[in-house]
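# Geometric and topological summary
These are the residues of each chain, in order.
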Amino acid sequence: MKSNVTMRDIADKLGVSSVTVSKALNDKDGVSDELKERIKTLAGEMGYRFNTAAKSMKEGLTYNIGVVIPERFTGPSQSFYLHIYQQISRELEQYGYYGILHILHREDEEQLNLPRIYYDRKVDGFILLGQVSKPYIELVQSMDLPKMFLDFYDEHADIDSVVTDNFYGAYELTNYLIAQGHRDIAYVGNLYSTSSIQDRFLGYYKSLLEHRLPLRNEWVLSDRDDEGAVYVDVELPQPLPTAFVCNCDQVAYNLVQKLIAQGYRVPEDCSVVGFDNDVYATLIVPQLTTVGVDIEQMARTAIESIMKKISHPGSRFGRVLVQGHIVYRDSVQRIERP
């Protein structure tokens, strides 16, 4: 691979002009979205690198994006958002950008302190990855830079967001349990914690409604505090349902361990499903049936959106849903019904 790949090299490979390559790499008008994608992909494969220092002086851009993750989502047992950040960084490279990770400490969130990289003008935009408090959302709205929410949204915020289709994923997962003969199905997740947990609950509830199954309040189980920062021990209801829909794989993993410790067999005595398809889904026996989140597509969509916001201020995309898919494993037992 050449260490000094030029726009001319890319243009020659694709049979286009250097001007076309320049427009595509800088997200300018005059090039179709399909050709832009081909040019950016080839540029990445060939090892092309922007001269960001020169471009910054010329265009007044930093070629950095701030990625803000609340501290509560970055503990030693929580790798999901860091995985998304890694994918964001890969996608940014296609645009000659870098991702600056900022961990939003609890004190800064409570005291409504924006990241220093905002005041120092070190970035051209922000991606907030993971739910923040409503007062902090209102503060973010006042920022005079392009911004996106990733993996959460807020109805009262005039800020675009990219989320997995939590509602449909949980709806399909619950439909699957019902198709396997289950009628007594619990939901595990604090409904006041995040928009994702709420939407997954609503998908679960819609499936119950469609199958004329009652929603039992005692089978809606809390798994964490209202801020989503601290997990709590899930209290097993009695009688025990035949299946549990958990809002994420880590919670499902913890629940399976508790059930086994109390003498229950999974899935023979009760089935358990999760959401995310992260590392916890395969750390336990039986491995979890879950919803696979398309992290690559979520990151790609978020970066495409923030780039368009930078090049075309005022652009709006609303809430973009990225489809997931069920990953079938061994944590669900079929119940034969008469």
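Our subject is the structure listed above.
Here the structure is a predicted model, which means the values were calculated and not measured.

Applying the stated criterion to the full structure yields 17 salt bridges. We note a salt bridge from E218 to R216, for which the minimum N-O separation is 2.9 Å. Under the relative-accessibility criterion, E218 is labelled partly exposed at 43%. Linking D269 and R265 is a salt bridge whose minimum nitrogen-to-oxygen distance equals 3.2 Å. For R265, a relative accessible area of 49% gives the class partly exposed. Through salt bridges with shared partners, one network takes in D158, D160, K309 and R316.

Next up on the list: the nonpolar core. Buried together is how nonpolar side chains tend to be arranged in soluble globular proteins. Counting residues in each nonpolar core, the largest one holds 47 residues, and the members touching the most others are I88, L150 and M307. Of the residues forming this core, the biggest block, eight residues, is contributed by helix α12 (residues 295–311). The contacts of L150, once residues within four sequence positions are left out, are I84, I88, I127, L128, L129, G130, V162, M298 and A302. In this structure, L221, V266, C270 and I284 belong to the second largest nonpolar core, which totals 23 residues.

Moving on, we come to the side chain of K40. As for its position among the elements, K40 is in helix α3 (residues 33–46). Those residues in contact with K40 that sit more than four places away from it in its chain are A24, L25, D27, Q94 and Y95.

A separate point is the pairing of strand β8 (residues 243–246). What you see with β8 is no split at all: A243 and V245 on one side and F244 and C246 on the other are buried throughout. Relative to β8, strand β6 (residues 185–188) runs parallel, the two sharing four bridges. Opposite V188, over in β8, you have C246 as the bridge partner. Across three bridges, β8 lies against strand β9 (residues 271–273) in parallel orientation. Residue pairing across strands places V245 opposite V273, the latter belonging to β9. Read as a crossover between parallel neighbours, the route from β8 over helix α11 (residues 249–261) to β9 is right-handed.

Our next topic: the packing of helix α1 (residues 7–14) against helix α2 (residues 18–25). At a closest axis distance of 8 Å, the pairing of α1 and α2 adopts a crossing angle of 110°. Between α1 and α2, the angle falls in the class roughly perpendicular. Every residue of α2 that contacts α1 at M7, R8, I10 and A11 is listed here: S18, V21, S22 and L25. Split by residue class, the contact of α1 with α2 holds five nonpolar, two polar and one charged.

A few words on the sheet that holds β9. Overall, parallel pairing links the four strands, which are arranged β7-β6-β8-β9 in an open sheet. Single-partner strands in this sheet number two, and they are β7 (220–221) and β9. Helix α10 (residues 195–210) rests against β6, β7 and β8 of the sheet, and its axis sits at about 170° to β6.

In terms of burial, strand β1 (residues 64–70) is a largely internal element, seven of the seven residues being buried. Alternating positions in β1 separate into two faces, N64, G66, V68 and P70 on one and I65, V67 and I69 on the other, with burial throughout. Pairing between β1 and strand β2 (residues 98–104): seven bridges, direction parallel. The residue bridging G66 from the neighbouring strand is I100, located in β2. For the segment spanning β1, helix α5 (residues 80–93) and β2, crossover handedness is right-handed. Where β1 meets strand β3 (residues 126–129), three bridges bridge the pair, whose relative direction is parallel. Along β3, the bridge assignment pairs V67 with I127.

Our next topic: the environment of S22. The topology assignment puts S22 in helix α2. For S22, a relative accessible area of 26% gives the class partly exposed. It is 25 Å that separates the C-alpha atoms of S22 and I100, two residues lying 78 residues apart in sequence.

Whenever strands of a sheet pair, they do so through backbone hydrogen bonds, lying parallel or antiparallel. Overall, parallel pairing links the six strands, which are arranged β2-β1-β3-β4-β5-β11 in an open sheet. Of all strands in the sheet, those with a lone pairing partner are β2 and β11 (319–322), marking the two edges. In this sheet, adjacent strand axes meet at a mean angle of 20° when their direction is disregarded. Set on the sheet, helix α8 (residues 134–141) makes contact with β2, β3 and β4 (147–150); between it and β4 the angle comes to about 150°.

For α5, built from 14 residues, the straight-helix expectation of 20 Å at 1.5 Å per residue is met to within 8% by its first-to-last C-alpha distance of 21 Å. Turning to α5, its buried residues number three or more, namely F80, Y81, I84, Y85, Q87, I88, E91 and L92. The arc that holds every buried residue of α5, seen down its axis, measures 165°, which confines them to one face. The secondary structure elements touched by the buried residues of α5 are β1, β2, β3, β4 and α12.

Rules of the game
- Residues numbered from 1 in each chain as written.
- Predicted model: local features only at pLDDT ≥ 70, side-chain atom pairs only at ≥ 80, totals over all residues.
- Heavy atoms only, no water.
- Salt bridge = Lys/Arg side-chain N within 4 Å of Asp/Glu carboxyl O.
- Buried < 20%, exposed > 50% of the residue type's maximum accessible area, 1.4 Å probe, protein only.
- Core = buried A, V, L, I, M, F, W, Y, C linked by side-chain atoms within 4.5 Å.
- Helix = DSSP H or I, 4+ residues; strand = E, 2+ residues; numbered from the N terminus.
- Contact = heavy atoms within 4.5 Å.
- Pairing = 2+ DSSP bridges.
- Right-handed = clockwise from strand over helix to strand, strands pointing away.
- Axes fitted to C-alpha atoms, helices over the stretch in contact; angles between N-to-C directions.
- Parallel < 35°, antiparallel > 145°, perpendicular 65-115°, else oblique.
- Nonpolar A, V, L, I, M, F, W, Y, C, P; charged D, E, K, R; others polar.
- Expected span 1.5 Å × (residues − 1).
- Arc of directions from axis to C-beta.

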